[in-house]
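As a plain string of letters, each chain reads:
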Amino acid sequence: MTLALASSCLAGSPGWVESDGDDENGRPSSVLSSGPFCLLVLKGFAMKFLPRVISRLLQTLAAGAALSFTLAAPAQAQAAWSSLSLSFLQPTGTVGANDSIDVYLRLVNTDATQSFVVDNSLPLGGMNAADLPLEGFAGNDANGQPIYMPFANYSSFYLSVGFGCSGNFTAVGGCLAGPPYTFSFADNPFGQPYSLAAGAHQDYLFGTFKPTAGPVAAGDYFFYRSVLWLNVYGESADGTSLSSVVFPATTCNGDSPAACQGQSYFMRTVTAVPEPASYALFLAGLGLFGLLQRRRRA
């Protein structure tokens, strides 16, 4: 489903893709659009980053949410999202033209005393009210424009990972699809409930870039944006189902190494595949070296 949705992104526009086809309630992922943005909902993008949203797909996400959390303080202390850090492990390296490239990430809770928690059995999912979105998507009006309404309460939360369509590993406008590489997600590393202790970190496989069609051209390849993705579901005061997505943590919001200074981005240098003539010259050199060695022994 993810690859099919990725094709819906507008050519040349950046976007986001979520890791799973469905959330824990069996609701399918959707495409979000924000002017120049095109998002595939893996599991969350902050509404403050989304002035506009393709609504009919998000209505699927919002449908059937049973309300359980009111806009009250959580029952336990919780690390603020600002204390979360997301970065690439092994951010640089060199690979061969036919190599698949695994992408690993590290999520860190820098809070010294409080855990980061997403638990649907707790009020507000165990999270801080100040971190949660105030408004949610309610549908389209008669002109096809998105409608946003304030949350009166929240029903459930679902944590996952997201792929920000950026860099040159994949095709312009293709998001996950190449050439030169095609990206596939690993399994969702976050369970329900989820907890990351104070000062702790979690390393996980985000996914893999695989050559789309044979050897990849030599050069430098970049990927900038991976996110911690949270789907938020609830209702307005009149009972309208609402949905929103938020990013508790992201690697980099830029689209170049210069724009990502001080943040984390991913880069691999691909070495060229030797031409047949180069192989022949190399083998001839080995043969000459062997001949000289034999003459020396004689």
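Our structure's up above, just so we're on the same page.
In this report, we go over the structure that sits alongside the text. All residue numbers here refer to positions counted from 1 along the written sequence of the relevant chain. Where totals are concerned, whole chains, interfaces and linings use all residues; where local detail is concerned, this predicted model gives features only for residues with pLDDT of at least 70, and gives and counts side-chain atom pairs only at 80 or more. Excluding hydrogens and water, the side-chain figures rest on all heavy atoms present in the structure.

We define a salt bridge as a contact between a side-chain nitrogen of Lys or Arg and a carboxyl oxygen of Asp or Glu at a distance within 4 Å. Summed over all chains, the structure comprises two salt bridges. The shortest N-O distance in the salt bridge between Arg-106 and Asp-203 comes to 2.6 Å. With Arg-106 in strand 7 (residues 101–109) and Asp-203 in strand 14 (residues 201–211), this residue pair connects regions lying 97 residues apart in the sequence. Given the relative accessible area of 36%, Asp-203 is considered partly exposed. Note on conventions: DSSP H or I runs of at least 4 residues are helices, E runs of at least 2 residues are strands, and numbering of each starts at the N terminus. The classification of residues rests on relative accessible area computed with a 1.4 Å probe and restricted to protein chains. Under 20% of the type maximum is buried, over 50% is exposed, and intermediate values are partly exposed.

Throughout this description, disulfide means a covalent bond between two cysteine sulfur atoms. Note on terminology: pairs of cysteine sulfur atoms within 2.5 Å are recorded as disulfides. Considering all chains together, one arrives at two disulfides under this definition. The residue that forms a disulfide with Cys-165 is Cys-175, at a sulfur-sulfur distance of 1.6 Å. Around the S-S axis, the bridge from Cys-165 to Cys-175 shows a dihedral of about -60° and counts as left-handed. Remark: Cys-175 occurs in the loop between strand 11 (153–165) and strand 12 (181–185) and Cys-165 occurs in strand 11; sequence separation between them is 10 residues. For Cys-165, a relative accessible area of 9% corresponds to the buried category. Given the relative accessible area of 3%, Cys-175 is considered buried.

Let's shift gears to the pairing of strand 11. Successive residues of a regular strand alternate their side chains across the two faces of the sheet. In terms of residue burial, strand 11 counts as a mostly covered element, since 13 of its 13 residues are buried. Pairing between strands is defined by DSSP: at least two bridges between them are needed. As defined by bridge partners, strand 1 (residues 15–18) adjoins strand 11 across four bridges and the pair is classed as antiparallel. Along strand 11, the bridge assignment pairs Glu-18 with Gly-162. Of the strand pairs in this sheet, strand 11 and strand 16 (residues 225–235) are connected by 11 bridges, and their pairing is antiparallel. Note that in strand 16 the partner of Leu-159 across the bridge is Leu-230.

This next bit is on the nonpolar core. As used here, the term nonpolar core means buried Ala, Val, Leu, Ile, Met, Phe, Trp, Tyr and Cys residues forming a set that is joined through side-chain atoms within 4.5 Å. Residues Leu-107, Phe-116, Phe-163, Tyr-181, Phe-206, Phe-209 and Leu-230 are the most contacted members of the largest nonpolar core, which totals 49 residues. Residue contributions to this core peak at six residues, all from strand 11. The residues touching Phe-209, leaving out its near neighbours within four places in the chain, are Asp-99, Ser-100, Ile-101, Val-103, Phe-163, Phe-169, Thr-170, Tyr-181, Thr-182, Phe-183 and Phe-223. Residues count as neighbours in contact if any of their non-hydrogen atoms are within 4.5 Å of one another.

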